[in-house]
Every structure is written in C-alpha cells, then in structure tokens.
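Report on the structure
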Amino acid sequence: MKEHNYLIYSFLLLFLVTSCAPKVKEGYDEKNGYTGNISISGAFALYPIVVLWSEDFKKEHPHVRFNISAGGAGKGIADVLSNMVDIGLVSRDLHKQEITKGAYPVHVAKDAVVGSFNRHHPNYTLIKERGLTQEELEGIFVHQKYKLWSDIDSRFVNKPIEVYVRSDAAGAAETWAKFLGVHQEGLKGVGIFGDPGLVQAIKDKPLSIGFSNINFVYNLKTKQTVENIGILPLDLNNNGHIDEEENFYSHIDSLTNAVATNRYPSPPSRDLTFVIRSDKKTKLLTAFIQFVLEKEQQGYLLENGYVPLNDAIKTIELNKLSL
C-alpha cells in the first residue's frame, strides 16, 4: 500500500522541492522518455498524492524534474496564471475571471471538506449523536448568531465557541463557505494558515470548531481520525439526530464511499483539479496529466483518502487534453 502520512506532516514548513536543478530543455526520445521540468504549487488537499504521482512518473521518465510546493489553492491559481508554475493545484471551483485569464482545468480526483472539533469537548458524545445542521453551522461560521455552545442546544456546555477558519486563500475554506452560502471572506473566526495549522489549533482547544480536508483529519494507516480530532457530523435531514444513513465518519473508507455515492453533499465534497494555462498545453504536461488519469494512478486514490474519477468523467477530462 502506498501511504503518505509522513508527507503530510513533513511539510509543516510548507515546501518540498523534489528537484532544485537548473531547467533542462523539454523533449522526448524512445530511450530516455520525456526530458524537462514540471513545476507545481497550490492546494494542500492535492499535495500529498501529487508527490506520489510525480515519483511514479519519474520511474518511467527519470530525466523529468519536479518542483512541488504547497501553499493553498489561491497560491496555485495565482502562480499558474502568472507563469510561475506549470500546474496549479486547485480544490475549489474556478472563478469566471480566472478562466477568462486563461486557466484551463482538468479534474483529477474528488475529496471532501469536513467540520472538525476537539475530541475532548465536554459534549463530544452528544455532538456525535446530534450533529449540527447547515443552518446551525451558518449561525456559527457566518452570522455569529451563537456565541456559546449552549446557544445551539441547552444541553451543551455554557462556554464560548472557539471558531477557527483559514487565513490563506484556500480551496477548503471556499468549499466550506459555499456550503454555507457565502464566499471565504464571509467566514468568521480566528484565521489560521494552512491545513496543518488549523488542525493543530483544533487539537489544542477543547471548545473549538473548524473544518479541514479529510486527509488532514484521518490517519491513513488506521483509517480513524487523528489524535484529539472529532469529525462534526452533518444533520442533513434536520431531525436533530444523526441517522444511520448520515453516520459515515468513523472510518475514512466509509466517508469516501459516501462522497462517491453522493450521500455526503457537494459542497462540501468537491473536485480536485490540475489547472494549466490554455496557451501552455505542452506535450510533457499533457503526458503527465494523462499518466495521472490512468487506472493505476487513480487506483492509489482510495487508499490515500481520495475518491477516484469514474470512467465517464475520466473520458471527459482526457478529451480536454486532446483539444
């Protein structure tokens, strides 16, 4: 099994550069395969699997050099549009103006953003049984209607809700905000940079609430949530109780299955996307993206906490590369 837990925690410094060598001319021959450089930046959500994909691509094409960094979806789209990188990793819908500027999206996987809270919350068991509705989450993250946990439910502790959001332009934040009917700028709370930082903030505060990409709140070896983190269940039918068909958070495989079968709503499930410039669709970039969409590479997704594309969607994305 390919595992990338070590990758997630190794980039608390935010950058991993797989090659710092000078650029080489792009080319291809039957003996050496492709030669050239591919620079990538963007969404924390895609970063771990992209590192694995790049390592496998280099096994077939050892003369290709990768430079990969994580800094959020906003950085990824900005970097690719300004020609600083070849591929931007984006974990939200593209804006119309980004497409107008030349952003060309190719979807490569699916995953989800989930609400999170501290496992040592005084009402942990009750919250897991009750869940929170979309309207209640709006009251916490958007309207600040609820200041105390007991404002949501009188059975909850009479203490302040500590709300954490992302300070960087992030696909997770934009997706969570879209679920709540706003843009990222409409989310209220203490801003934290990056998924690792936000997860740590939730771990440190028993009365906290936030949201994260699923790969940062589950341990991919045990398939359970990481230490001190609880996943906030969504009361989708607003009946004040998490029913059996809504209860799929205890194991990452059950959550990814819920995403694949649309039982977990979209948003906060979302497409994960490679963005290139429409005027920079080189043979090397096309070959790498086609490689990522192959059956073997898509096969790594489930075991690493992602949802692979079905055959129909893969065909659509592959056709984009041939246009």
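Now for a description of the structure that goes with this document. Please read all numbers here as calculations on a predicted model, not as lab measurements. Throughout this document, residue positions are counted from 1 along each chain, in the order its sequence is written. In keeping with the predicted nature of the model, local features appear solely for residues at pLDDT of at least 70, side-chain atom pairs appear and are counted solely at 80 or more, and the whole-chain, interface and lining totals rest on all residues. Calculated side-chain values reflect all of the structure's heavy atoms, with hydrogen atoms and water omitted.

As for the pattern of salt bridges
What makes a salt bridge here is a side-chain nitrogen of Lys or Arg within 4 Å of a carboxyl oxygen of Asp or Glu, nothing more. Evaluated as defined, the whole model comprises 16 salt bridges. Salt-bridge contacts for Asp111 lead to Arg270; the nearest nitrogen and oxygen are separated by 2.3 Å. A residue pair is termed long-range when its members are at least 10 positions apart, and Asp111 in strand β6 (residues 103–118) and Arg270 in strand β11 (residues 269–277) qualify at 159 residues. Of the two residues examined, Asp111 and Arg270, each falls in the buried class. A salt bridge links Arg130 to Asp153; the nearest nitrogen and oxygen atoms lie 2.8 Å apart. Linking Arg130 in helix α5 (residues 124–130) with Asp153 in the loop between α7 (149–152) and β7 (162–166), this pair joins segments that are 23 residues apart in sequence. Categorising residues by exposure relies on relative accessible area from a 1.4 Å probe, with only protein chains included: less than 20% of the type maximum marks a residue as buried, more than 50% marks it as exposed, and the intermediate range marks it as partly exposed. On the accessibility criterion, Arg130 (11% relative accessible area) is buried. Through salt bridges that share partners, Arg130, Glu136, Asp153 and Arg155 make up one connected network. Helical segments are the DSSP runs of H or I of at least four residues, strand segments are the runs of E of at least two, and each set is numbered from the N terminus.

What about helix α12 (residues 295–303)?
Gln297, Gln298, Tyr300 and Leu301 are the residues of α12 that are buried. In a view along the axis of α12, the buried residues occupy a sector of 145 degrees, so they form one face of it. Residues of α12 that are exposed and point more than 90 degrees away from the buried face comprise Lys295 and Glu296. Buried residues along α12 sit against α2 (47–60), β6, α11 (283–292) and α13 (311–322). Directly beyond the C-terminal end of α12, a positive phi value near 90 degrees is found at Gly305. The arc under discussion is defined with respect to the helix axis, by the directions toward the C-beta atoms. The contact rule is simple, with two residues in contact once any of their heavy atoms fall within 4.5 Å.

Details of the pairing of β6
Here is the key point about a regular strand: its side chains alternate between the two faces of the sheet. Summarising burial for β6: 14 of the 16 residues are buried, a large majority. Paired strands are those between which DSSP finds at least two bridges. One ladder, built from nine bridges, connects β6 with β11; its direction is antiparallel. Residue pairing for β11: His107 is matched across the bridge by Thr273.

These results come straight from atomic positions and should not be treated as a statement about function.
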